[in-house]
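Okay, here's what each chain looks like letter by letter:
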Amino acid sequence: EGGALPTAAPSPAPLAAVETGEMAPVAATESAPAAVTEVDPVLQDIFRKETVGHVAAVRDYIQLRSQDPAPHPVTEDLYRACHTLSGIAKTAGVRQGIKVAEPMEHYIRKLHDVGHGLPAEGLSLLKDTLRALENVVDHSDEDTGFFPDHRRLIVGWHGLERSLDGELARISAPAESPSIPP
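Residues numbered from 1 in each chain as written. Predicted model: local features only at pLDDT ≥ 70, side-chain atom pairs only at ≥ 80, totals over all residues. Heavy atoms only, no water.

Colleague: Would you mind showing me how to read the overall build of the protein here?
Modeller: Tallying secondary structure elements over the protein gives seven helices and zero strands in all. The helix and strand sequence of the protein, counted from the amino end, reads α-α-α-α-α-α-α. For the protein, contacts bridging at least 24 residues in sequence account for 78% of all contacts bridging at least 6. Taken as a whole, the protein presents about 11000 Å² of accessible surface, with 57% of it coming from carbon and sulfur. (Helix = DSSP H or I, 4+ residues; strand = E, 2+ residues; numbered from the N terminus. Contact = heavy atoms within 4.5 Å. Areas by Shrake-Rupley, 256 points an atom, 1.4 Å probe, with all protein chains shown as cover.)

Right under this line is the structure:
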């Protein structure tokens, strides 16, 4: 009484799957929240409508760029669509939408801010993320146990961001060293 209950150590298998990007089946009880929160039906409707429109804008970008060699320019329209997809999921409280849209938006925003293009892997991941978001829209009133595991997408976006960070560090390293010997 009064003390915290001891918790079991997390299994290393799910962590290993996240780190390697491998998909592993996840039981509904592992991903289900402790308390189910009701999503406001008005916000849920806004989420559905906004997401459909912005997914279409990203899909247009993909269609336009898919025949061109990478890296693909990150346009203002792509950036704004990804930003809105993440924001509307957060505003509506649609957890599965947040899980896939937020890492996508963060990476696209970073590319946009530093003026780098989207690599081929990013365009492919963008396609997969759109499919996941469409699934979330189609089933946004379902329990979180309904959704497939989105770890591959999340790991993919984080991996691309780490690669970009490494590239940016390599680019900026020579600029930090003195060009004229003392």
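Colleague: Hey, could you run me through the pattern of salt bridges in this one?
Modeller: A side chain with one charge can pair with a side chain of the opposite charge if their charged atoms come near. In this structure the tally under the stated criterion is eight salt bridges. For K49, the salt bridge identified is with D45, shortest N-O distance 3.1 Å. Here the residue K49 and the residue D45 both occupy positions in helix α3 (residues 41-65), the gap between them amounting to four residues, near one helical turn. Residue R59 is joined to E134 by a salt bridge in which the shortest nitrogen-to-oxygen separation is 2.7 Å. Of this pair, R59 sits in helix α3 while E134 sits in helix α6 (residues 120-138), and the two are 75 residues apart along the sequence. (Salt bridge = Lys/Arg side-chain N within 4 Å of Asp/Glu carboxyl O.)

Colleague: Help me out: how do you make sense of the environment of I108 in this one?
Modeller: Structurally, the position occupied by I108 is in helix α5 (residues 95-114). The spatial distance from the C-alpha of I108 to the C-alpha of C82 is 7.3 Å, given a sequence separation of 26 residues. Residues contacting I108, with those up to four places away along its chain left out, are V74, L78, Y79, C82 and L118.

Colleague: Please explain the nonpolar core as it appears in this structure.
Modeller: Among soluble globular proteins, nonpolar side chains are generally buried collectively. In terms of nonpolar packing, the biggest core is built from 26 residues, with V58, L78, M104, Y107, I108, L118 and L126 touching the most fellow members. Put simply, the parts of the chain that give this core at least two residues each are α3, α4 (76-92), α5, α6 and α7 (151-176). Among all residues touching L118, those that are not within four sequence positions of it are Y61, A70, P71, H72, V74, Y107, I108, L111, L123 and L126. Counting residues in each nonpolar core, the second largest holds seven residues, with I88, A89, A92 and V94 among its members. (Core = buried A, V, L, I, M, F, W, Y, C linked by side-chain atoms within 4.5 Å. Buried < 20%, exposed > 50% of the residue type's maximum accessible area, 1.4 Å probe, protein only.)

Colleague: So what exactly am I meant to see when it comes to α6 here?
Modeller: Note: α-helices contain 3.6 residues per turn, so residues at a spacing of three or four share the same orientation. For α6, which comprises 19 residues, the first-to-last C-alpha distance of 28 Å matches the rise-based estimate of 27 Å (1.5 Å per residue) to within 8%. For α6, every residue scored as buried is listed here: G122, L123, L125, L126, D128, T129, L130, A132, L133, V136 and V137. (Expected span 1.5 Å × (residues − 1).)

Colleague: Would you mind showing me how to read the environment of T75 here?
Modeller: Along the chain, the position of T75 falls in the loop between α3 and α4. Sequence separation between T75 and Y61 is 14 residues, and the spatial gap between their C-alpha atoms is 8.6 Å. In this structure, T75 is in contact with Y61, R65 and H112, ignoring residues within four places of it in sequence.

Colleague: Can you walk me through the packing of aromatic side chains in this structure?
Modeller: Aromatic ring pairs are described here by two measures, namely the spacing of the ring centres and the angle between the planes. For the structure shown, the criterion picks out one aromatic pair. Taking the centre distance of 5.7 Å and the plane angle of 45° together, the rings of Y107 and W157 count as tilted. Remark: W157 occurs in helix α7 and Y107 occurs in helix α5; sequence separation between them is 50 residues. Each member of the pair, Y107 together with W157, is buried. (Phe/Tyr/Trp six-rings, centres within 6.5 Å; stacked < 30°, edge-to-face > 60°.)

Colleague: What am I meant to see in the confidence of the model for the protein here?
Modeller: In low-pLDDT regions, the fine details of the predicted coordinates are not to be read closely. Confidence in the prediction for the protein averages 78 pLDDT; 69% of positions are at 70 or higher. Throughout residues 1-36 the model reports pLDDT below 50, and contacts reaching past four residues in sequence, or to other chains, amount to 22 contacts. (pLDDT = per-residue confidence, 0-100.)

Colleague: Where do I start with the packing of α5 against α6 in this structure?
Modeller: Two elements in contact, α5 and α6, have axes whose closest approach is 9 Å; the angle formed by their N-to-C orientations is 155°. Between α5 and α6, the angle is such that the two are roughly antiparallel. Considering only the axes of α5 and α6, their crossing is left-handed. In contact with Q96, G97, V100, A101 and M104 of α5, α6 contributes L126, T129, A132, L133 and V136. The class makeup of the residues in the contact of α5 with α6 is seven nonpolar, three polar and no charged. (Axes fitted to C-alpha atoms, helices over the stretch in contact; angles between N-to-C directions. Parallel < 35°, antiparallel > 145°, perpendicular 65-115°, else oblique. Left-handed = near helix turned anticlockwise from the far one by under 90°. Nonpolar A, V, L, I, M, F, W, Y, C, P; charged D, E, K, R; others polar.)

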